[in-house]
Amino acid sequence: MSTRGSDHKETGRTKEDVVAQGFVAPGFEAVRECFETNLRESEVGAAFAVHHRGRLVVDLWGGVADPATGRPWAAGTRAQIFSGSKGVIAAALLRLCDSGVLRLDDPIARHWPEFAAHGKDRFTVSDAVTYCAGLPAITDRVVELDDLSDARAMARALAEQAPVTGPRLIYGPWTMGWLVEELTFRTTGFSLREYFRREIAEPHGLAIDWCLSPADEVATVVHDDAFAAQYDRFNESDDPLTRAIWANPIPFPKGRVVWNEEALRTAYIPAANIVGTARDISRLYALVIEDLHRPDGEPGHLARAATVRDALTPYVRQEDPTLGFPFAYGRGGFRLKGTPRTGVDADMFGHDGGGGSAHFGWPGAGIALSYTPNHLLDIGNDDHRAGNLIRALKSALRDLAPESEPDRGPEPGPEVRHEQGAGEAVPA
């Protein structure tokens, strides 16, 4: 599916007609201007939301949710966030740990005895959610796209598998979700999806869930073969592990947009197919930040402050061997800055997603944000949308309270590969 230069013509509008819906609080007008520039230049449809110290200060949306029908992006339109799902899993893990159901230092095999096979008894819950358990992919069998939705079967396959040798951290798009799904079921009796719904989404009124139903509330995914071509280097790699991670199965095959097909639209794939509004995903991160700033021992929305601090404690920082850029994770599975920098977002945590979505908290500044596009772009120099929005947000914060912002250090320019304005992007 090709979108370049045609998406607005399909709906009878010119790019000059595109304006953002929603609002920005006084002082954040530059964020609206940047969002509207994105809409004119590179979006099909998108939303961007920011909470500042618990208050919603940016709530913008615009463009087209479904180019095939012309359905506009509305206030309640939800989008697929792909690996942004991993940040939602980390939020659920906060709740699991704070309730005493799990501890990050627990050996996985304590709750899942079969997992101990092939010497995996040494791996902990933290290892599972930070890609340090030697299980970046299913390596001993072919996995089809239709298999991704059978989380329990995929978890059994991982339990039976020997860990791969190599660097401590090896990132993969799918396995973290299956591991936490199995741990959640074995310790609570609920699927991860049901646990998140009962404990977090419903109590806080968050429109965040796995699976894409009802379809008319969810934006369709838009990408072309130029986007899918970024996976060629993985598919054609001489390294069997690289092929297992990124081509077993290929997350975005050429010639079709599989994430709009019924089989995947209705599938439950824990690490990959959360749908939500930018407003509610931003609110989720705002709740975590509020919990982090509570007095010690006080119950939180999701967890007590000590539980959040523990989850955000750096656990691993290393260049990923297949993607070739640095990753960093806190003990509880939130992604941190791959390359440490000073600045208002130096304490960033969260997770971005394939195609350009970004979902993060900056605790020191009290900022939570979520950007949800439906037009997927390559992780390289093609995509500056989130980075531009975040730079506009940083500028607004400096103007609002210049004395409160720490020294930012040099701002990376748009020519920096993988720059999302928050962390290095992941392709799925």
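Residues numbered from 1 in each chain as written. Predicted model: local features only at pLDDT ≥ 70, side-chain atom pairs only at ≥ 80, totals over all residues. Heavy atoms only, no water.

Student: Looking at this model, I keep getting lost on the overall build of the chain. Mind explaining?
Tutor: Helices and strands together make up the secondary structure of the chain, namely 15 helices and 12 strands. Here the contacts in the chain between residues at least 6 apart in sequence split such that 68% fall between residues at least 24 apart. Accessible surface, the chain: about 15,200 Å² in total, of which carbon and sulfur atoms supply 50%. (Helix = DSSP H or I, 4+ residues; strand = E, 2+ residues; numbered from the N terminus. Contact = heavy atoms within 4.5 Å. Areas by Shrake-Rupley, 256 points an atom, 1.4 Å probe, with all protein chains shown as cover.)

Student: Sorry, what's going on with the pairing of strand β2 (residues 45–52) here?
Tutor: For a regular strand, side chains alternate in direction, first toward one face of the sheet and then toward the other. Of all 8 residues in β2, 7 are buried, a share of seventy percent or more. Examined bridge by bridge, β2 and strand β3 (residues 55–66) share 8 bridges and lie antiparallel to one another. Residue pairing for β3: Phe48 is matched across the bridge by Leu60. Where β2 and strand β12 (residues 367–373) come together, 7 bridges link them in antiparallel fashion. Within β12, the position partnered with His51 by the bridge is Ala368. (Buried < 20%, exposed > 50% of the residue type's maximum accessible area, 1.4 Å probe, protein only. Pairing = 2+ DSSP bridges.)

Student: For this particular structure, what's the right way to read the packing of aromatic side chains?
Tutor: Within a pair of aromatic rings, the relevant descriptors are the distance that separates the centres and the angle that separates the planes. If you walk through the whole model with that rule in mind, you get 22 aromatic pairs. Ring centres 5.2 Å apart and planes at 70° place the aromatic pair Phe82 and Phe252 in the edge-to-face group. Placement of the pair is Phe82 in the loop between β5 (79–80) and α3 (85–98) and Phe252 in the loop between α11 (240–247) and α12 (262–265), with a sequence separation of 170 residues. Take Phe82: its relative accessible area is 3%, and that puts it in the buried class. Of the residues examined, Phe252 reaches a relative accessible area of 2% and is grouped as buried. (Phe/Tyr/Trp six-rings, centres within 6.5 Å; stacked < 30°, edge-to-face > 60°.)

Student: Please clarify how the pattern of salt bridges should be interpreted in this entry.
Tutor: Once their charged atoms are close, side chains differing in charge can pair, the charge on each being opposite to the other. If you walk through the whole model with that rule in mind, you get 29 salt bridges. Here Glu217 ties to Arg78 by a salt bridge, and the two come within 3.6 Å at their closest N and O atoms. Highlighted residues: Glu217 in the loop between β6 (208–210) and α9 (225–228) and Arg78 in the loop between β4 (71–72) and β5, separated in sequence by 139 residues. On the accessibility criterion, Arg78 (9% relative accessible area) is buried. Among the ionic pairs, Arg294 bridges to Glu298, the shortest N-O distance being 2.8 Å. (Salt bridge = Lys/Arg side-chain N within 4 Å of Asp/Glu carboxyl O.)

Student: Can you help me understand unusual backbone geometry in this one?
Tutor: Residue Pro249 is reached from Asn248 by a cis peptide bond, and omega for that bond is 0°. Despite not being glycine, Phe82 has its phi angle at roughly 50°, a positive value.

Student: So what exactly am I meant to see when it comes to the packing of helix α7 (residues 175–188) against helix α8 (residues 192–204) here?
Tutor: The N-to-C vectors of α7 and α8 enclose an angle of 70°; their axes lie 8 Å apart at closest approach. Relative to α8, α7 is oriented roughly perpendicular. Along its contact with α7, which presents Val180, Glu181, Thr184 and Thr188, the element α8 presents Leu192, Arg193 and Tyr195. A breakdown of the residues in the contact of α7 with α8 according to their chemical character gives 3 nonpolar, 2 polar and 2 charged. (Axes fitted to C-alpha atoms, helices over the stretch in contact; angles between N-to-C directions. Parallel < 35°, antiparallel > 145°, perpendicular 65-115°, else oblique. Nonpolar A, V, L, I, M, F, W, Y, C, P; charged D, E, K, R; others polar.)

Student: Quick question: what am I supposed to make of the nonpolar core here?
Tutor: Within soluble globular proteins, side chains that are nonpolar tend to cluster in buried spots. Core analysis: the biggest nonpolar cluster contains 99 residues, and Phe196, Trp210, Trp259 and Leu284 have the highest contact counts within it. With 9 residues, the top contributor of residues to this core is α3. Excluding anything up to four places from it in sequence, Leu284 contacts Val88, Ala91, Phe196, Ile200, Leu206, Ile208 and Leu302. (Core = buried A, V, L, I, M, F, W, Y, C linked by side-chain atoms within 4.5 Å.)

Student: Sorry, what's going on with helix α14 (residues 305–312) here?
Tutor: Helical geometry: 3.6 residues make up each α-helical turn, so side chains three or four residues apart lie on a common side. Along α14, the positions that sit buried rather than exposed are Ala305, Thr307, Val308, Ala311 and Leu312. Along the axis of α14, the buried residues cluster in a sector spanning 160°; they form a single face. (Arc of directions from axis to C-beta.)

Student: Before we go on, may I ask you to explain the side chain of Ser126 in this structure?
Tutor: Residue placement: Ser126 occurs in helix α5 (residues 125–129). Under the relative-accessibility criterion, Ser126 is labelled buried at 1%. For Ser126, the side chain forms a polar contact with the main-chain oxygen of Arg331, separated by 2.8 Å. Apart from residues no more than four positions distant in its own chain, Ser126 is found in contact with Leu104, Tyr315 and Arg331. (Polar contact = N/O pair within 3.5 Å; in protein donor to acceptor, adjacent residues only side chain to side chain.)

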